[in-house]
Amino acid sequence: MHTILFLNYFKFEFLMLNFRFQPSTSFIRCFSKRKEVERYLERQANDQYSRRAKEHSYRARSAFKLLQINEKFNFIKPGLVALDVGAAPGSWCQVLSELIFPLNPLSSNQTEINKNSLQEVQDGYILGIDLLPISPIDGVDLLCKADFLKPATQTEIIRRLQGRQVNLLLSDMAPNPIGDSRVDHFRIIQLCKSLLDFGTKEIIDGKTILAKDGIFLCK
């Protein structure tokens, strides 16, 4: 009896030691993920763009990525038609709204434009799409909880465009990472290619969704 109890106790101690010093793969993954979250939160707290995003009421620091690109190439103009795929949480749509609708009273870009430009601004249209929900953004049409890769979603996009050609086709899409940088990068490229294929699809009278002089910007 005592021997059996001792063996059971010994096995229990062995399992405990095994758990302490040789944790399972799932335990390591969970522990690593927690550490990654902690590092991410620390990095966000010390990041200047994260602080500036809060100051300017942008939903994410990525807003400054788009602002800096536009500052260099100056391609976002009032009155354009823009399609932002992978839009959540909406920071790029916020920037687009400010620059495409400069007369928006909520816009921080309060530029003066003449009457001829007013019609161009009124012709502008922004559509943001994502698998995740997005809180409303002034001047932006949102298609949430929608998988861009599904034909039904693409049909709905075309319906909402109402014959308009897209001047700006933007993508900040990224699949959930699996931990292999090469595979993750390849999957991002595949998403971008799918969006470009969609942009070159003919909609009416030989016109494609993305205008001939349109701009395609992907992550």
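Refer to the structure above for everything that follows.
As the structure is a prediction and not an experimental result, all values here were calculated from the model.

## A few points about the sheet that holds strand β4 (residues 166–171)
Right, so step 1: Read across the sheet, five strands follow the order β3-β2-β1-β4-β7 without closing on themselves; strand pairing throughout is parallel. Every other strand in the sheet has two partners, leaving β3 (141–143) and β7 (210–218) as the edge strands with one partner each. Taken over all neighbouring pairs, the strand axes of this sheet differ in orientation by 15 degrees on average, direction set aside.
Right, so step 2: Relative to β3, strand β2 (residues 125–129) runs parallel, the two sharing three bridges. Looking at β3, one finds that I129 is bridged to L143.
Right, so step 3: Packed onto the sheet, helix α5 (residues 91–100) meets β1 (81–85), β2, β4 and β7 and runs at close to 175 degrees relative to β1.

## Observations concerning the layout of surface pockets
Right, so step 1: Of the volumes computed, that of the largest pocket is approximately 600 Å³.
Right, so step 2: The residue makeup of the lining of the largest pocket, split by class, is 13 nonpolar, two polar and five charged.

## Some details on the packing of aromatic side chains
Right, so step 1: Tallying each qualifying case throughout the model produces two aromatic pairs.
Right, so step 2: Relative to F198, the ring of F148 lies with its centre 5.4 Å away and its plane at 90 degrees, an arrangement referred to as edge-to-face. Placement of F148 in the loop between β3 and α7 (151–161) and of F198 in helix α8 (residues 181–199) is noted, with a sequence separation of 50 residues between them. Residues F148 and F198 agree in their burial class; the two are buried.
Right, so step 3: A cation over an aromatic ring shows up here: R164 above the ring of Y125, its NZ or CZ 4.2 Å from the ring centre.

How each quantity is defined
Residues numbered from 1 in each chain as written. Predicted model: local features only at pLDDT ≥ 70, side-chain atom pairs only at ≥ 80, totals over all residues. Heavy atoms only, no water. Pairing = 2+ DSSP bridges. Helix = DSSP H or I, 4+ residues; strand = E, 2+ residues; numbered from the N terminus. Axes fitted to C-alpha atoms, helices over the stretch in contact; angles between N-to-C directions. Contact = heavy atoms within 4.5 Å. 1 Å grid on protein atoms, 1.4 Å probe; cavity = no way out; pocket = protein on both sides within 12 Å on 5 of 7 lines; lining within 4 Å. Points joined across faces, edges and corners; volume = space filled by probe spheres on them. Nonpolar A, V, L, I, M, F, W, Y, C, P; charged D, E, K, R; others polar. Phe/Tyr/Trp six-rings, centres within 6.5 Å; stacked < 30°, edge-to-face > 60°. Buried < 20%, exposed > 50% of the residue type's maximum accessible area, 1.4 Å probe, protein only. Lys NZ or Arg CZ within 6 Å of the ring centre and 35° of its normal.

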